[in-house]
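Topology and contacts: notes
In case you want the letters, here they are:
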Amino acid sequence: YNPFKICCSMKERKVSILNESNEKLVGIETIPSTKKNKYPVILLVHGFAVKKEEGGMFDELAKSLAEENFLVYRFDFSGMGESAGDYSKTSLSKQKYDLSKILEFVKSQPKVNSSKIGILAQSFGTSVTVALTPKVKTIILMGSVAHPKEILNMATKWEKLNLKGISKKVKSSGEVIFIDKQFWEDFKNYDLLKSIKKINCPILFIHGSEDSIVPLSEMELYFKNANNPKEKAIIDGANHGLMPHRNEMYKIAVNWFKKHLV
């Protein structure tokens with residue numbers, strides 16, 4: 001068994017850690033082909049009810065970043081993908097603690113330049129990142145969600161929505177997702193527009209002009225509340241998953257990280 005897949009001048013290996021609940025979180029480390037003692041690092045944070053691949057987007061992005069000599073990590077939150085746990089018991093707080101442990105692990109790796117860590121988060125992953133207010137060098141928030149309770153309530157196609165019990169969502173793949181009431185109750189502990197004011201690093205906001213899931217107004221609210229330096233890139237014609245313009249997004253993201261981490 002060889003954990004390394006050789007592909008396009010980089011290699012990947014599985015990594016795992018334990019979260020606060022002693023559940024195993026599984027991730028992928030993407031290592032550039034250029035040998036260095038220490039690398040600048042990007043951590044990719046996935047959205048709601050999806051896996052670390054983020055529908056293939058994070059796989060491609062990891063490849064693009066590794067080609068520019070960034071070390072890249074992407075993990076499944078507990079209860080998703082290969083990570084242990086029960087996703088019906090998830091919440092913004094639980095994912096925030098997961099992310100905190102993941103970041104701790106990344107910073108502890110010998111080949112990581114811990115003064116050059118960037119985060120790129122997508123969709124609900126942006127809520128998790130902002131809730132954590134991580135101390136990193138730079139952040140990219142894509143399809144950013146400032147009011148997760150309202151957005152997930154309205155924009156997610158629920159088979160059954162019950163804020164005081166079990167909600168059920170059937171994904172286009174046929175996969176069924178259950179969410180219990182603690183998910184909704186936990187949001188009262190957060191004001192993400194206040195939280196973003198505590199983040200003191202350059203932030204780039206990327207949003208698709210045709211995002212039908214998270215309105216552009218969510219990003220604009222974050223942008224208004226975020227500290228300088230900050231920038232936004234609205235990708236014309238792109239949807240919530242940045243299709244059909246992902247290549248444009250990859251380029252924007254890579255250039256931002258090269259500017260702020262190299």
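Coordinates for the structure precede this section.
Presented here is a report on the structure given in the accompanying data block. (Residues numbered from 1 in each chain as written. Predicted model: local features only at pLDDT ≥ 70, side-chain atom pairs only at ≥ 80, totals over all residues. Heavy atoms only, no water.)

**Examining the overall build of the protein chain**
Helix and strand counts for the protein chain stand at 8 helices and 11 strands. For the protein chain, whose C-alpha radius of gyration is 17 Å, the value lies close to the compact-globule estimate of 18 Å for 262 residues. In terms of overall dimensions, the protein chain has C-alpha extents of about 50 × 45 × 35 Å along its principal axes. For the protein chain, the residues scored as buried account for 55% of the 262 residues in total. The long-range share in the protein chain, meaning contacts at least 24 apart out of those at least 6 apart in sequence, stands at 67%. Averaging the coordinates of the 40 positive side-chain charges in the protein chain and doing the same for the 29 negative ones gives two points 5 Å apart. (Helix = DSSP H or I, 4+ residues; strand = E, 2+ residues; numbered from the N terminus. Rg over C-alpha atoms; globule rule 2.2 N^0.38 Å. Buried < 20%, exposed > 50% of the residue type's maximum accessible area, 1.4 Å probe, protein only. Contact = heavy atoms within 4.5 Å. Lys, Arg positive; Asp, Glu negative; His and termini not counted. Charge placed at Lys NZ, Arg CZ, Asp CG, Glu CD.)

**Section: the packing of helix α2 (residues 92–108) against helix α3 (residues 124–132)**
One can describe the packing of α2 onto α3 by two numbers: an axis separation of 9 Å at closest approach and a directional angle of 70 degrees. As far as their axial angle goes, α3 and α2 are roughly perpendicular. Here Leu92, Gln95, Lys96, Leu99, Ser100 and Leu103 of α2 come into contact with α3, specifically with Phe124, Ser127, Val128, Thr129, Ala131 and Leu132. A breakdown of the residues in the contact of α2 with α3 according to their chemical character gives 7 nonpolar, 4 polar and 1 charged. (Axes fitted to C-alpha atoms, helices over the stretch in contact; angles between N-to-C directions. Parallel < 35°, antiparallel > 145°, perpendicular 65-115°, else oblique. Nonpolar A, V, L, I, M, F, W, Y, C, P; charged D, E, K, R; others polar.)

**A closer look at the packing of helix α1 (residues 57–66) against helix α8 (residues 246–261)**
Two measures define how a pair of helices packs: the angle their axes make with one another and the distance between the axes. Here α1 crosses α8 at 45 degrees, and the two axes come no closer than 10 Å. In terms of their interaxial angle, α1 and α8 are classed as oblique. Note on packing geometry: the crossing formed by α1 with α8 is right-handed. Mapping the contact onto sequence places Met57, Glu60, Leu61, Ser64 and Leu65 in α1 and Arg246, Met249, Tyr250, Ala253, Val254 and Phe257 in α8. Split by residue class, the contact of α1 with α8 holds 8 nonpolar, 1 polar and 2 charged. (Left-handed = near helix turned anticlockwise from the far one by under 90°.)

**Thoughts on the pairing of strand β9 (residues 176–179)**
Side-chain alternation along β9 places Ile177 and Ile179 on a buried face and Val176 and Phe178 on a face that remains uncovered. Both strand β8 (residues 167–170) and β9 contribute to a ladder of 4 bridges, which runs antiparallel. Note on β9: the bridge partner recorded for Val170 is Val176. (Pairing = 2+ DSSP bridges.)

**A word on α2**
In this model, α2 (17 residues) spans 24 Å end to end at C-alpha, consistent with the 24 Å of a helix rising 1.5 Å per residue. Those residues of α2 not exposed but buried are Leu92, Ser93, Lys94, Gln95, Lys96, Asp98, Leu99, Ile102, Leu103, Phe105 and Val106. (Expected span 1.5 Å × (residues − 1).)

**Quick look at the packing of aromatic side chains**
Per the counting criterion, the structure on display carries 15 aromatic pairs. Relative to Phe124, the ring of Phe48 lies with its centre 6.1 Å away and its plane at 85 degrees, an arrangement referred to as edge-to-face. Of the two residues, Phe48 is situated in the loop between β4 (39–45) and α1 and Phe124 in helix α3; the sequence distance between them amounts to 76 residues. Of the two residues examined, Phe48 and Phe124, each falls in the buried class. Centre to centre, the rings of Tyr73 and Phe105 are 5.9 Å apart; their planes meet at 85 degrees, and the pair counts as edge-to-face. With a gap of 32 residues between them, Tyr73 in strand β5 (residues 71–75) and Phe105 in helix α2 connect regions that are remote in the sequence. Each member of the pair Tyr73 and Phe105 is classed as buried. Three or more aromatic residues joined by ring pairs form one cluster here, namely Phe48, Tyr87, Phe124, Trp158, Phe183, Trp184 and Phe187. Here the basic side chain of Lys232 rests over the ring of Phe223, its NZ or CZ set 4.6 Å away from the ring centre. (Phe/Tyr/Trp six-rings, centres within 6.5 Å; stacked < 30°, edge-to-face > 60°. Lys NZ or Arg CZ within 6 Å of the ring centre and 35° of its normal.)

**Observations concerning the environment of Lys169**
Along the chain, Lys169 falls in strand β8. Each C-alpha atom of the pair Lys169 and Glu248 lies 31 Å from the other, and the pair is 79 residues apart in sequence. Among all residues touching Lys169, those that are not within four sequence positions of it are Phe48, Ala49, Thr156, Lys157, Trp158, Glu159, Glu175, Val176 and Ile177.

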